[in-house]
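A closer look at the structure
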Amino acid sequence: MGIYLIKVTACLAIFIVFYKLVLENESMHTFKRFYLICSLIAASIIPAVLFTEYIYITPEPVLNTYVSEINSDEIPVFYQKTDYLTPTLWTIYGLGVLIFGCKFCSNLFKIGTRIRRNPKINYDRSIHVLLEERLSPHTFFNFIFLNKQKFEAQEIPEEVLLHEQAHAVQKHSLDVLFIELMQVILWFNPFVYLFKRAIKLNHEFLADQAVLQKGAELSNYQKILLAFSSNAPETQLANAINYSSIKKRFNIMKKTTSKKAIWLRSLLVLPMFALALYSFSESEIIEIDKSLENSTSSNLPPENLQEQKSDSIQYKYIEKPNAPNIQDIAKWKNSFKYALWIDGKHTSNKELENYKLSEFVHYSSSFIYNNARSQQFPQPYQVSLFTKNKFKKQFTTNNRELNIHINKAAQILVQGELVSVLGLKQHLSKLNTDLSKEEKSEIVRGFIHVRLETPKQAVKNVSNILEEYGCVTIDIVGQKEQQDGATIKQLATYNTIARKYNEMNTSTMRIKKGEVDQMTYLYTIMTDDQKKNAEAFPELPPMPEPPMPPSTQKIGKGEVSAIPAPPAPPKSPLDHVIEMARKNANFYYEGKEITSDQAIDLIKNNNHLNIDTRNTGSKNPSVKISKEPILIKN
């Protein structure tokens, strides 16, 4: 919502600046009237426009693949800070809408009261409402409000009556009502007030033009307007003679805009609206696997990166989507039988009324035994529903392989988005936020996809950024010779790791696979000169041989095998936690006490958590759950 309002404000700013610079001082008032109204409508619609682009992709083969474990983002969070800012801002906005809405309704009520309580005279296509108050003449739809004493004494010039008649005939009150309603909704936006002033001033231009076209003499009409000036108050929703802008009106009366100039200025509006539509609308790119379309082409060169999207995000489903049906949604509305979670947050069963069936892509349901139910959730069933975006975040893992494409023009494409070399670092900072720098150096792999014509400097720049980001390996796919040896940073990294293992005793050496893989990769991309000047590649002990399978032994009838029977498989973590819940155990997650239901949900969503169960001497065992390994003290 916040982004939408920012875009609306930006559109309004562009449209009003264009109006002030190009249109306001021209005598094309009818066009200006429609421009101002259409600008308000367009500014409200453009940010909500969504363009969908379908792109056929051909996944490229990569040298390594990796599927990460469930990360910490998948663990439900039970303790969150209360967000006070959002409800406060909404409260302030609501109060503003209420105040301006009441003011709008009050003005309508005042006009209706004046129409009912004062004498009226039908005149041509309008109705004159005669008032006792000393108000300046003003118009609301076909009602023209005049001072009774001056009207009966015929002290109101005919030109003034023609001016108000023009407001009534041209239905200027429709514009006023529209901008007043916009002001109620966008009361905090300063550009709405600029539009309101411009619309009312243009109404005066239109009325002045109508009077002059009726045959009124220009200088005489101007004298009448000056002589008829008054400080009497006017009604907010009515069109009244605006004397504060009298000088500008006099200048516009004398000005004539040629038809050619009108056409030129009118045509300038089209590219401005197109620019706003391009800049502030939303776009969505949907990938279609080309292999599914039986395409014969499987290796399209990324010459035009704007027309080809990378497969840099490869969603690997940990759990297959299981979409609900209409009958499921209907039965889950029963709050006595089902406890409901949507996108990981407990919610009322009535909340299902606010969702469409198509919004849910996955659900899971579980039966809760009597001894595992709590006062907060006494229902026998618990149901978790997931929308598309949350399901991808909760049940898929991505970004562990960073695929970056560079074409011959040194354009960089990552995750379907064109970025500069400087922007790549910022873009990567948004990926794998669940990993520390050390974890990235063991898990995340970088692949730079290049062509023969790709500039070497661009490849080096991207390689340096990936190295600083913390990739365990950086593979150049397409042309290995594009990288002329290892960079200074890569040499320093290699020397550090190689020196560490060279200083170890081979008999007691402890090897980390991630470090050895990184060291081996860096050594392979080094030039011969770099290898001579670098730390010698360490002598690593051979990998231990896998244990031999037990020999088969023929057992005669009645004989007992000497091979011990395999032990019974241990209980799964989930079964263990459920058993502890039946024993009324006390559960703790990361040092904080949680309920048995929360503990069960944790293990359901992540079976890689560490569990430590102790009997504390009391009736109730103590179960500690942690993401980190649990240190057992003797």
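Residues numbered from 1 in each chain as written. Predicted model: local features only at pLDDT ≥ 70, side-chain atom pairs only at ≥ 80, totals over all residues. Heavy atoms only, no water.

To continue, consider the overall build of the chain. Per the secondary structure count, the chain includes 20 helices and 22 strands. Total accessible area on the chain is roughly 37300 Å²; 56% of this is exposed by carbon and sulfur atoms. (Helix = DSSP H or I, 4+ residues; strand = E, 2+ residues; numbered from the N terminus. Areas by Shrake-Rupley, 256 points an atom, 1.4 Å probe, with all protein chains shown as cover.)

It is worth spelling out the sheet that holds strand β21 (residues 610–614) at this point. A sheet is described by the order of its strands in space; here 4 strands give the open sequence β20-β19-β22-β21, paired in mixed fashion. One side of each edge strand has no neighbouring strand; the edge strands of this open sheet are β20 (592–594) and β21. Pairs of neighbouring strands in the sheet enclose a mean axial angle of 30 degrees, with direction left out of account. Pairing between strand β19 (residues 586–589) and β20: 3 bridges, direction antiparallel. Each bridged residue has a counterpart across the sheet, and for Y588 the counterpart in β20 is E593. Taken strand by strand, helix α19 (residues 573–582) contacts β19, β21 and β22 (622–626), and its axis lies near 35 degrees from that of β21. Contacts between helix α20 (residues 596–605) and the sheet are confined to β19, β20, β21 and β22, with β20 contributing the most and set at about 95 degrees to the helix. (Pairing = 2+ DSSP bridges. Axes fitted to C-alpha atoms, helices over the stretch in contact; angles between N-to-C directions. Contact = heavy atoms within 4.5 Å.)

Let us look at the packing of aromatic side chains. Under the criterion given, the structure shown has 16 aromatic pairs. Each ring, one from W187 and one from F188, has its centre 5.7 Å from the other, and the planes form 90 degrees; the classification is edge-to-face. Positioned over the ring face of Y523 is K531, at 4.7 Å from the centre of the ring. (Phe/Tyr/Trp six-rings, centres within 6.5 Å; stacked < 30°, edge-to-face > 60°. Lys NZ or Arg CZ within 6 Å of the ring centre and 35° of its normal.)

Attention now goes to the nonpolar core. Membership of the largest hydrophobic core comes to 37 residues, with the highest contact counts inside it found for L402, L424, L428, I448, V462 and L466. Elements represented by at least two residues in this core include exactly β14 (401–406), β15 (412–414), α13 (421–428), α15 (456–469), β18 (473–477), α16 (488–502) and α17 (513–525). Counting residues per element, this core draws most heavily on α15, which supplies 6 residues. What L402 contacts, discounting residues up to four positions off in sequence, is L428, L431, N432, V444, R445, G446, F447, L466, Y469 and C471. Listed in part, the 28 residues of the second largest apolar core include I16, F195, A198 and V269. (Core = buried A, V, L, I, M, F, W, Y, C linked by side-chain atoms within 4.5 Å. Buried < 20%, exposed > 50% of the residue type's maximum accessible area, 1.4 Å probe, protein only.)

Another aspect to go through is the confidence of the model for the chain. Looking at the chain, pLDDT values average 77 and 76% of them are 70 or higher. For the stretch residues 289–318, pLDDT sits under 50, and the model shows 80 contacts to residues farther than four places along the chain or on other chains. (pLDDT = per-residue confidence, 0-100.)

The next thing to look at is a nonpolar patch on the surface. On the surface, L85, L89 and I92 cluster together into a nonpolar patch covering about 310 Å² of accessible area. Within the element layout of this structure, L89 appears in helix α3 (residues 85–117). (Patch = residues over 30% accessible without salt bridge, like charges linked within 9 Å, V, L, I, M, F, W, Y side chains within 5 Å. Salt bridge = Lys/Arg side-chain N within 4 Å of Asp/Glu carboxyl O.)

Another point: the sheet that holds strand β9 (residues 338–342). Backbone-to-backbone hydrogen bonds join strands into a sheet, with any given pair of strands oriented parallel or antiparallel. Strand order in this open sheet of 4 strands is β10-β9-β12-β11, and the pairing throughout is mixed. For this open sheet the edge positions go to β10 (345–347) and β11 (360–367), each flanked by a neighbour on one side alone. The sheet shows a mean angle of 30 degrees between the axes of neighbouring strands, direction not considered. Taken together, the 5 bridges between β9 and strand β12 (residues 381–387) define a ladder with parallel strand orientation.

Next up on the list: the pattern of salt bridges. Inspection of the entire model under this criterion finds 15 salt bridges. Ionic pairing is found between R249 and E204, a salt bridge with its closest N-O pair at 3.7 Å. Taken together, the positions of R249 in helix α9 (residues 246–254) and E204 in helix α7 (residues 190–213) put the pair 45 residues apart, joining distant regions of the chain. Using a relative accessible area of 0% as the deciding quantity, one classes R249 as buried. Among the ionic pairs, E535 bridges to R499, the shortest N-O distance being 3.7 Å. Linking E535 in the loop between α18 (528–533) and α19 with R499 in helix α16, this pair joins segments that are 36 residues apart in sequence. With a relative accessible area of 24%, E535 lands in the partly exposed category. According to the relative accessible area criterion, R499 is partly exposed, its value standing at 37%. Via salt bridges that share partners, K20, E24 and K248 belong to a single interconnected network.

Positioned with a positive phi, Q154 is a non-glycine residue whose angle comes to about 55 degrees. Relative to the elements of secondary structure, Q154 occurs in the loop between α4 (148–152) and α5 (158–169). Phi is positive for K171, close to 55 degrees, though the residue is something other than glycine. Among the structural elements, K171 can be located in the loop between α5 and α6 (172–185).

Any two packed helices are characterised by how steeply their axes cross, that is the angle between the axes, and by the distance between the axes. Running from N to C, α7 and α9 point in directions that differ by 50 degrees, and their axes come no closer than 10 Å. By the angle between their axes, α7 is oblique relative to α9. The crossing of α7 and α9 is right-handed. On α9, the residues that touch L201, E204, F205, D208 and L212 of α7 are K248, R249, I252 and M253. (Parallel < 35°, antiparallel > 145°, perpendicular 65-115°, else oblique. Left-handed = near helix turned anticlockwise from the far one by under 90°.)

As a packed pair, α5 and α7 sit with axes 8 Å apart at the nearest point and diverge in direction by 125 degrees. Considering their axes alone, α5 and α7 lie oblique with respect to each other. Both α5 and α7 take part in a crossing whose hand is right-handed. Residues E159, L162, H163, A166 and H167 of α5 pack against H203, E204, A207, D208, A210 and V211 of α7.

Before going further, it helps to examine the environment of S27. Mapping S27 onto the fold places it in the loop between α1 (2–23) and α2 (29–45). For S27, a relative accessible area of 16% corresponds to the buried category. Between the C-alpha atom of S27 and that of I262, which follows or precedes it by 235 residues, the distance is 8.6 Å. In contact with S27, other than residues within four places in its own chain, are K255, T256 and T257.

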